[in-house]
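# Reading the structure
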Amino acid sequence: MNELDVLRVFCGPDGRHGNALGVVRDGRAYPDEASRQALAAELGFSETVFVDDPERGVVDIYTPGLRLPFAGHPLVGTAWLLDLEVVNPPAGEVWARNDGEFTWITARAEWAPPRRLQRYASAAEVDALPAPPPGEGWLYAWAWEDEAAGRVRARAFPRRDDGLTEDEATGAAALLLTAELGRALNITQGRGSQILTAPGPEATIEVGGRVRFAPHPPQGFTR
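Residues numbered from 1 in each chain as written. Predicted model: local features only at pLDDT ≥ 70, side-chain atom pairs only at ≥ 80, totals over all residues. Heavy atoms only, no water.

## Concerning the nonpolar core
Put simply, the rule is: Among buried residues, the Ala, Val, Leu, Ile, Met, Phe, Trp, Tyr and Cys ones that are joined through side-chain atoms within 4.5 Å form a nonpolar core. Exposure categories follow from relative accessible area, calculated using a 1.4 Å probe and restricted to protein chains: below 20% of the type maximum is buried, above 50% is exposed, and the middle band is partly exposed. Every helix listed is a DSSP run of H or I at least four residues long, and every strand listed is a run of E at least two residues long, numbered separately from the N terminus. For this analysis, residues touch if any pair of their heavy atoms sits within 4.5 Å.
Grouped together as the largest cluster of nonpolar side chains are 47 residues, with contacts concentrated most on F70, L75, I105, Y140, V152 and I187. No other element matches the six residues that helix 4 (residues 171-181) contributes to this core. Aside from chain neighbours lying at most four places away, what touches V152 is W142, A143, W144, E145, L177, L185, N186, I187 and T188. Within the second largest apolar cluster, 13 residues are counted, among which are Y30, L39, F50 and A214.

This is the structure we're talking about:
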């Protein structure tokens, strides 16, 4: 049996929803890129993290079809799970903190993979979008719920051939939207996930959310 922690990252205020994340605490069990990519595809989560050095927070991140230099919800989830102050994905050093309810990471927008950020006229229009909408390329659909309060309704569609139709909660896209708008945001994404963001000094941005354990690991794995 392989050890795997399954988390829900960016849960809503009631602790529900959030984006599924697999964390392999001992990356040595999957020693090369091919074996890691195969496991990520088998699990089918939007991302799976392999921890290569738990002391220094060195991690490797995979979608079902891609290796990523940076991703938001995997880093938030891993920082929470391992109680880290620093996480080191390939993109660079990411500082983390926990305020009791939310776990935060500090990152730079240029680390995030490109996304098309498309504004819609209302939250109802975002809710009504088919999954996925017609077109190609990664789409982050968003609308103001309350512009004065910084409240955003969003949905995310990878539109790539890896079986993931809609991404429940996307920290990297929230990072890019915060950089574009230049203000703190309270984002409700997917079925009810919550992502908080805040611009910081020297072009950094904090991204935060709640993390919970998923009820059960997939068959063939133990926690």
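Following the structure, the description resumes.
## Concerning unusual backbone geometry
Residue P132 is bonded to the preceding A131 through a cis peptide linkage, with omega at -5°. With respect to the helices and strands, P132 occurs in the loop between helix 3 (123-127) and strand 11 (139-146). Although it is not a glycine, F10 sits at a positive phi angle of roughly 70°. Inspection of the secondary structure puts F10 in strand 2 (residues 5-11). The class for F10 is buried, based on a relative accessible area of 0%. Positive phi, normally seen in glycine, also occurs at A203, with a value near 65°. Within the fold, A203 resides in the loop between strand 14 (193-199) and strand 15 (204-213).

## As for the pattern of salt bridges
Threshold: Note on definitions: salt bridges are taken to be side-chain nitrogens of Lys or Arg within 4 Å of carboxyl oxygens of Asp or Glu.
Inspection of every chain in the model, using the stated rule, returns 14 salt bridges. With a shortest N-O distance of 2.5 Å, R36 and D52 are connected by a salt bridge. With R36 in helix 1 (residues 33-43) and D52 in strand 4 (residues 47-53), this pair connects stretches of sequence that are 16 residues apart. Take R36: its relative accessible area is 6%, and that puts it in the buried class. A residue is classified by how much of its surface remains accessible, and D52, at 39% relative accessible area, is partly exposed. Its salt-bridge partner being R97, residue E206 comes within 2.7 Å of it at the nearest N-O pair. Of the two residues, E206 is situated in strand 15 and R97 in strand 8 (residues 94-98); the sequence distance between them amounts to 109 residues. The exposure class assigned to R97 is partly exposed, which follows from its relative accessible area of 38%. Linked by salt bridges that have partners in common, R36, D52, D60 and R67 make up one network.

## Observations regarding the environment of A71
Following the sequence through the fold, A71 ends up in the loop between strand 6 (67-68) and helix 2 (72-82). Residue A71 is classed as buried on the basis of its relative accessible area, which comes to 4%. Separated by 25 residues in the primary sequence, A71 and A96 have C-alpha atoms spaced 14 Å apart. Not counting the four nearest positions on each side in its chain, A71 is found in contact with E47 and I61.

## Things to note about the layout of surface pockets
Where we set the bar: Space inside and on the surface of the protein is sampled on a 1 Å grid over the protein atoms alone, with a cavity defined as a set of points where a 1.4 Å probe fits but cannot get out and a pocket as an open set with protein on both sides within 12 Å along at least 5 of 7 lines; lining residues have an atom within 4 Å of a point. Grid points are joined across faces, edges and corners, and a volume is the space filled by probe spheres set on the points.
Here the largest pocket is characterised by a volume of approximately 170 Å³. Around the largest pocket, the lining is made up of 21 residues, and of these E47, L68, R115, W138 and R160 lie nearest the centre. Listed by contribution, the elements that provide at least two residues to the lining of the largest pocket are helix 2 and helix 4. Of the residues forming the lining of the largest pocket, the biggest block, three residues, is contributed by helix 2.

## Quick look at helix 2
Across the eleven residues of helix 2, ten count as buried, placing the element largely inside the fold. Considered for burial, the residues of helix 2 that qualify are G72, H73, P74, L75, V76, G77, T78, A79, L81 and L82. D83 lies just past helix 2 and shows a positive phi near 55°.

## A short note on the pairing of strand 4
Defined as follows: Only when DSSP finds a minimum of two bridges between them are two strands counted as paired. Orient the strands so they point away from the viewer, and a crossover whose first-strand-to-second-strand path over the helix runs clockwise is right-handed.
Most of strand 4 sits inside the fold, with five of its seven residues counted as buried. Where strand 3 (residues 19-24) lies against strand 4, four bridges are found, and the strand directions are parallel. Along strand 4, the bridge assignment pairs L21 with E47. Note on the crossover from strand 3 through helix 1 to strand 4: the handedness is right-handed. Pairing between strand 4 and strand 5 (residues 58-62): five bridges, direction antiparallel. Its bridge partner lying in strand 5, D53 is registered against V58.

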